[in-house]
Amino acid sequence: MEPLQCGTSPIVGFRFSLHPMTGNFIKVIKGALNETDTTNVWMHTDDVSTVIRGKQSHVFNVAKALTLHAAKTGEHVALSGTFSIGCPGDSAGDVYLDKDDVLLNTDDTKQYVSSQFALYPMNNPDYMAVIYREVDRAKAQGVFNESMHYASGIHGDIHEVFAFYEEAFTNARSEEHRHLVMTVSMSINSPSHGGKNDA
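Conventions we followed
Numbering of residues starts from 1 in every chain and runs along the sequence as written. Confidence filtering applies because this is a predicted model: local features only for residues at pLDDT of at least 70, side-chain atom pairs given and counted only at 80 or more, and all residues used for totals across whole chains, interfaces and linings. To obtain the side-chain values, all non-hydrogen atoms of the structure were used and water was disregarded. Any two strands with at least two DSSP bridges between them are considered paired. Secondary structure elements follow DSSP: runs of H or I no shorter than four residues count as helices, runs of E no shorter than two count as strands, and numbering proceeds from the N terminus. Inter-axis angles, ranging from 0 to 180 degrees, are taken between N-to-C directions of lines fitted to C-alpha atoms, where helices are fitted over the stretch in contact. Working rule for contacts: check all heavy atoms of both residues, and any pair within 4.5 Å makes them a contact.

Caption draft 1: Main features of the pairing of strand β2 (residues 42-45). Two strands pair when backbone bridges link them, and β2 and strand β3 (residues 50-54) are joined in this way by four bridges, in the antiparallel orientation. Looking at the pairing, His 44 lines up with Val 51 of β3. Between the antiparallel neighbours β2 and β3 lie four residues.

Below is the structure:
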């Protein structure tokens, strides 16, 4: 049996947990899942988290839609998740790579998001240059919030934030070092946002 090769799979995955700050949390989570068209991704939910996998454009589209639908309830919602591509052994769900590029979730409702992200370009000795480049890109795009230990703050309208994350994810993956992990944490409709929740 040949060893698994890092970076050979084009499948993008996002494993996340959604945490509505309400006693009605089940309704918020199930409602977001029901309102989101997940036709173009492979999805599985267990007692801890949900994973969606497939083509990059569809994974980010579904991730944003799920987050937005949860946010539209008006409840304070937190999301924590990990995007990954090039993971050795990632094979189940390849059929979803045959989907066309038409995005199925197109809700353009504005929603303020405060978030943090961290990039992990695996086995790339020049990883800090990759990270600094994407932080500079966030500053240029006006979504950078603040520097902090172990992450960088990103905020703004949910559509601009997710567009930045997908672009950073694309740019941080090089041909030489194709296994990339990106962690994201979001807070939405928080009382601490000072009235910015409508973006």
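Caption draft 2: Representation of the sheet that holds strand β5 (residues 112-121) in the model. Pairing is antiparallel in the open sheet, where eight strands are placed in the order β2-β3-β1-β4-β8-β5-β7-β6. The open sheet is flanked by β2 and β6 (144-148), the only strands paired with a single partner. In this sheet, neighbouring strand axes are inclined to one another by 20° on average, regardless of whether the strands run parallel or antiparallel. Note that strand β1 (residues 12-20) and strand β4 (residues 77-85) share nine bridges and pair antiparallel. Note on β4: the bridge partner recorded for Ser 17 is Ser 80. Along the sheet face, helix α4 (residues 158-171) touches β1, β4, β5, β7 (151-157) and β8 (180-188) and points at about 140° away from the line of β7.

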